[in-house]
Amino acid sequence: MLANREGQRVPDVTFNLRDGDQWIQVTTDDLFANKTVILFALPGAFTPTCSSTHLPRYNELAPVFKDNGVDDIICLSVNDTFVMNAWKEDQKADNIHFLADGNGDFSEGMGMLVEKKDLGFGKRTWRYSMLVKNGIIEKMFIEPDVPGDPFQVSDADTMLNHINAEAKLPQRVTVFSKPGCPHCARAHKLLTDRGISFESITLGVNGLSYSSLQAVTGMGTTPQVYIDGNRVGGADDLEAYFSA
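Not measured: the values here are computed from a predicted model.

Asks: Which parts of the structure should I look at to understand the side chain of arginine 57?
Replies: Mapping arginine 57 onto the fold places it in helix α2 (residues 48–67). In this view, arginine 57 contacts Ala156, Asp157, Leu169 and Arg172; residues no more than four positions away in its chain are not counted.

Asks: For this particular structure, what's the right way to read the packing of helix α6 (residues 182–193) against helix α8 (residues 235–243)?
Replies: Packed helix pairs are specified by the crossing angle of their axes together with the interaxial distance, meaning the distance between the axes. Running from amino to carboxyl end, α6 crosses α8 at an angle of 20°, the nearest separation of the two axes being 9 Å. In this view, α6 runs roughly parallel relative to α8, as classed from their interaxial angle. Note that α6 runs across α8; the crossing there is left-handed. Contacts between α6 and α8 pair His183, Arg186, Ala187, Leu190 and Leu191 from the former with Ala235, Asp236, Leu238, Glu239 and Phe242 from the latter. For the contact of α6 with α8, the residue count by class is six nonpolar, one polar and three charged.

Asks: It is not clear to me how unusual backbone geometry should be interpreted in this structure. Could you clarify?
Replies: Phi is mostly negative for residues that are not glycine, and the peptide bonds are mostly trans. Backbone torsion omega between threonine 222 and proline 223 reads 0°, so that peptide bond is classified as cis. Within the fold, proline 223 resides in the loop between α7 (210–217) and β12 (224–227). For phenylalanine 46, which is not a glycine, the phi torsion comes out positive at approximately 70°.

Asks: Quick question: what am I supposed to make of the sheet that holds strand β9 (residues 136–142) here?
Replies: Strand-to-strand pairing in sheets goes through backbone hydrogen bonds, with the strands running parallel or antiparallel. Read from one edge to the other, the open sheet built from five strands follows the order β5-β4-β3-β8-β9, with strand pairing classed as mixed. Two strands close off the open sheet at either side, each with one partner strand: β5 (97–100) and β9. Neighbour-to-neighbour, the strand axes of this sheet turn through a mean angle of 20°, independent of strand direction. Bridge count for strand β3 (residues 36–41) against strand β4 (residues 72–77) is five bridges, and the pairing is parallel. Considered in β4, the bridge of leucine 39 is made with isoleucine 74.

Asks: For this particular structure, what's the right way to read the pattern of salt bridges?
Replies: Should the charged atoms of two oppositely charged side chains come close, the side chains can pair. Within this structure, the stated rule accounts for nine salt bridges. Linking aspartate 236 and arginine 186 is a salt bridge whose minimum nitrogen-to-oxygen distance equals 2.6 Å. Taken together, the positions of aspartate 236 in helix α8 and arginine 186 in helix α6 put the pair 50 residues apart, joining distant regions of the chain. Given a relative accessible area of 53%, aspartate 236 falls into the exposed group. Across the pair lysine 189 and aspartate 193 runs a salt bridge, and its minimum N-O distance is 2.7 Å. Pair noted here: lysine 189 and aspartate 193 are both in helix α6, with a separation of four residues, about one helical turn. Judged by its relative accessible area of 51%, lysine 189 is exposed. A relative accessible area of 53% means that aspartate 193 is categorised as exposed. In the salt-bridge network here, residues are joined through shared partners; they are Arg57, Glu60, Asp157 and Arg172.

Asks: It is not clear to me how the sheet that holds strand β13 (residues 230–233) should be interpreted in this structure. Could you clarify?
Replies: The mixed open sheet is built from four strands, whose spatial order is β11-β10-β12-β13. The open sheet has two free edges, formed respectively by β11 (199–202) and β13, since each of these has just one partner strand. The average undirected angle you get between the axes of adjacent strands in this sheet is 25°. Two elements, strand β10 (residues 173–177) and β11, share four bridges in a ladder whose sense is parallel. Residue threonine 174 lies in a different strand from β11, and its bridge partner there is glutamate 199.

Asks: Explanation requested: the environment of threonine 125 in the structure shown.
Replies: On the secondary structure map, threonine 125 appears in strand β7 (residues 123–125). Note on threonine 125: relative accessible area 0%, which makes it buried. Leave out the neighbours within four places in its chain, and threonine 125 touches Ala41, Leu42, Pro43, Leu76, Ser77, Val78, Ser107, Met112, Leu113 and Val114.

What counts and how
- Residues numbered from 1 in each chain as written.
- Predicted model: local features only at pLDDT ≥ 70, side-chain atom pairs only at ≥ 80, totals over all residues.
- Heavy atoms only, no water.
- Helix = DSSP H or I, 4+ residues; strand = E, 2+ residues; numbered from the N terminus.
- Contact = heavy atoms within 4.5 Å.
- Axes fitted to C-alpha atoms, helices over the stretch in contact; angles between N-to-C directions.
- Parallel < 35°, antiparallel > 145°, perpendicular 65-115°, else oblique.
- Left-handed = near helix turned anticlockwise from the far one by under 90°.
- Nonpolar A, V, L, I, M, F, W, Y, C, P; charged D, E, K, R; others polar.
- Pairing = 2+ DSSP bridges.
- Salt bridge = Lys/Arg side-chain N within 4 Å of Asp/Glu carboxyl O.
- Buried < 20%, exposed > 50% of the residue type's maximum accessible area, 1.4 Å probe, protein only.

As far as function goes, none of this settles anything; it's purely spatial.
Rendered as structure tokens:
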């Protein structure tokens, strides 16, 4: 039975983590004392839903959470610290604090440690999120106890709706670029100068080609900028968009 611990204190755990070339010890007091913290837990680093949806959206909404009183966002998984550090580098999720619960002590204390032997994972954390204030769990969103890996309620948007249903969401911006393209660099600068976060999809990386660009955008030139799913166009078009 998965445990809802709202109103209780987080488990008292010391995490052994790797910071550069050094081993460090981090306690739950270090993480939660005198802070408002969101922690979301997921089954494993580099796994599909975790990498494509769960983690990226929390990273994307981190500035909004900060504006609404959240001091830190923690991503926890029962993986070793080297795996979590590698995943952080791969995801480029600079707004998220990655926490390796290598022995599963925190997850067990939360009542969230489950067997995933059917996947060859061993013991892992169940997927959930929680809002913690000064070490006390104010709210938990626990995925339903059904087979597989449900992902329905522990997402960033559900948490943000709980904290402030009227919070203004950031625009979703994607830029298709290619290396060495001065117009792409100009589009990036136009967005950066306005403090707008964006996803950059680079041709020549992970098999992406001009055929990919043509298939998705219907265009054969870079950059191609999309804002909230609508194509703006190239750098000149983006400049005109902002001027308007």
